[in-house]
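Residue-level listing of the chains:
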Amino acid sequence: MTLVTLSDVLQPALKGHFAVAGLVTLGWEDMRAYVAAAEAENVPVILQAGPGCREHTPLPVLGKMFRHLAGNASVPVVAHLDHGYTLDECRQALDAGFTSLMFDGSRHPLQQNIDETAAIAEMAHAAGISCEGEIGFVGYSGGEASAGTDPEEAAKFARETAVDAMAISVGNVHLQQDKQGGLDEARIRAIEAVTTVPLVIHGGSGVPVEQRTALARGSAICKFNIGTELRMAFGHALREAINSDPSRFDRNSILKDTHDPVVAATRRVLSAFKAN
């Protein structure tokens, strides 16, 4: 069985100068394709259940799906709760067999974020699993604006929460469909200078691939969350499958046609994070 914690994959990434992809799942078809791609590239993978995924499928079911895939995988697999907003939600994920909890208190005042994140990190560590927190606020394309991470606040947050990974806001945006932007590397370096915690980029789909690779190999960013880019690949493959034969109605037959294109798109994502 290759089910592991977030620390199990991020600490080697930090030391080995590579990054691990946190892949946002929505259902069985994409999570299965993500593991197949990770096996083909021979790299670890983080399967993430975010709020949209949890609206569709209950946490106990997701936990069993992640653990089943991990149990049959030839590479390390992390079962990760993405953007948990309450202690109860994080506890449910722990009870469901997740091996990593991301608590998002980034909309709260600093001290409240620290206190709540620290409580969840303590709960996670007592159970032998990992915890990711967020300092600064990563906004949404067409929605809430970002608030950049202050390096001094990041140092305080890392020190007082004991998180295993720290998501930062450095020009990244959730749900961005293009790669026209780029991350603020000066701010990244300032944060690196005051903490040793592995750093995380949410909204990685909007980061140019060349910058992803450079930062994976030359910074403390050890985890990039990728969702929108792969959802777009899945949606394109699904439309092609449906339109190729309008008489088809069996959804298993239709969804089967998404597998190979999503594996291919995921392999391109994963290959960019490898060590030099």
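Along each chain, residues carry numbers from 1 onward, in the same order as the chain's sequence is written. For this predicted model, a pLDDT threshold of at least 70 governs which residues receive local features, and a threshold of 80 or more governs which side-chain atom pairs are given and counted, while totals over whole chains, interfaces and linings are taken from all residues. Excluded from the side-chain calculation are hydrogens and water; included are all heavy atoms of the structure.

Participant: When you look at helix 7 (residues 151–161) in this model, what are you seeing that I'm missing?
Facilitator: Residue pairs three or four apart in sequence face the same way in an α-helix, which turns once every 3.6 residues. Each residue's exposure class comes from its accessible area (1.4 Å probe, protein chains only) as a fraction of the maximum for that residue type: buried when under 20%, exposed when over 50%, partly exposed otherwise. Note on conventions: DSSP H or I runs of at least 4 residues are helices, E runs of at least 2 residues are strands, and numbering of each starts at the N terminus. Taken together, the buried positions of helix 7 are Ala154, Ala155, Phe157, Ala158 and Thr161. All buried residues of helix 7 fall inside an arc of 165° around its axis, so they share one side. Exposed residues lying more than 90 degrees from the buried face of helix 7 are Glu152 and Arg159. The elements touched by buried residues of helix 7 are helix 6 (110–126), strand 6 (130–135), strand 7 (165–168) and helix 8 (185–192). Two N or O atoms count as a polar contact when they lie within 3.5 Å, although within protein this holds only if one can serve as hydrogen donor and the other as acceptor, and sequence-adjacent residues are included solely when both atoms are side-chain atoms. Measuring from the backbone nitrogen of Glu152 back to the side-chain oxygen at the start of helix 7 gives 3.0 Å, which picks out Asp150 as the cap. Think of it as the arc spanned by the lines of direction from the helix axis to the C-beta atoms. Residue contacts are counted whenever heavy atoms from the two residues lie within 4.5 Å of one another.

Participant: Just checking my understanding: could you explain the packing of helix 6 against helix 7 for this structure?
Facilitator: Each packed pair of helices is defined by two parameters, the angle between the axes and the distance between the axes. Orientation is described by axes fitted as lines to C-alpha atoms, over the contacting stretch for helices, and by angles from 0 to 180 degrees between their N-to-C directions. Packing of helix 6 against helix 7 leaves a shortest axis separation of 9 Å and a crossing angle of 30°. With respect to helix 7, the axis of helix 6 lies roughly parallel. Helix 7 is crossed by helix 6, and the crossing has right-handed handedness. Between helix 6 and helix 7, the residues in contact are Leu110, Gln111, Asn113, Ile114, Thr117, Ala118 and Ala121 and Glu153, Lys156, Phe157, Glu160 and Thr161, respectively. Of the residues contributing to the contact of helix 6 with helix 7, the split by class is 5 nonpolar, 4 polar and 3 charged. Here roughly perpendicular refers to angles of 65 to 115 degrees, roughly parallel to angles under 35, roughly antiparallel to angles over 145, and oblique to all remaining angles. Each crossing gets its handedness from the near helix: less than a right angle anticlockwise from the far helix is left-handed, clockwise is right-handed. Here the nonpolar group is Ala, Val, Leu, Ile, Met, Phe, Trp, Tyr, Cys and Pro; Asp, Glu, Lys and Arg are the charged ones; every other residue, Gly included, is treated as polar.

Participant: I tried to follow the pattern of salt bridges on my own but got confused; where do I start?
Facilitator: Oppositely charged side chains may form a pair once their charged atoms are brought near each other. Criterion for a salt bridge: a side-chain nitrogen of Lys or Arg within 4 Å of a carboxyl oxygen of Asp or Glu. Inspection of every chain in the model, using the stated rule, returns 10 salt bridges. Salt-bridge contacts for Glu132 lead to Lys223; the nearest nitrogen and oxygen are separated by 2.9 Å. In this pair, Glu132 sits in strand 6 while Lys223 sits in strand 9 (residues 221–226), placing the two residues 91 residues apart along the sequence. Of the two residues, Glu132 and Lys223, neither departs from the other in class, the shared state being buried. Salt bridges sharing partners connect three or more residues here, namely Glu41, Arg267 and Lys274.

Participant: I tried to follow the packing of helix 2 (residues 28–41) against helix 12 (residues 259–271) on my own but got confused; where do I start?
Facilitator: One way to put it is that helix 2 packs onto helix 12 with a least axis distance of 8 Å and a crossing angle of 50°. Here helix 12 runs oblique to helix 2, going by the angle between their axes. Relative to helix 12, the crossing made by helix 2 is right-handed. On helix 12, the residues touching Arg32, Ala33, Tyr34, Ala36, Ala37, Ala38, Ala40 and Glu41 of helix 2 are His259, Val262, Val263, Thr266, Arg267, Leu270 and Ser271. Classifying every residue of the contact of helix 2 with helix 12 by side-chain character gives 9 nonpolar, 3 polar and 3 charged.

Participant: What is the right way to read the layout of surface pockets from this model?
Facilitator: Regions of empty space are outlined by a rolling probe, equal in size to a water molecule, passed over the atoms. Volume-wise, the second largest pocket comes out at about 200 Å³. Counting residues per element, the ones that place at least two in the lining of the second largest pocket are helix 2 and helix 10 (228–244). Per-element accounting of the lining of the second largest pocket gives the leading share, 4 residues, to helix 2. Put simply, the grid is 1 Å and covers the protein atoms alone, a cavity is a trapped set of points that fit a 1.4 Å probe, a pocket is an open set with protein on both sides within 12 Å along at least five of seven lines, and lining residues have an atom within 4 Å of a point. Grid points are joined across faces, edges and corners, and a volume is the space filled by probe spheres set on the points.

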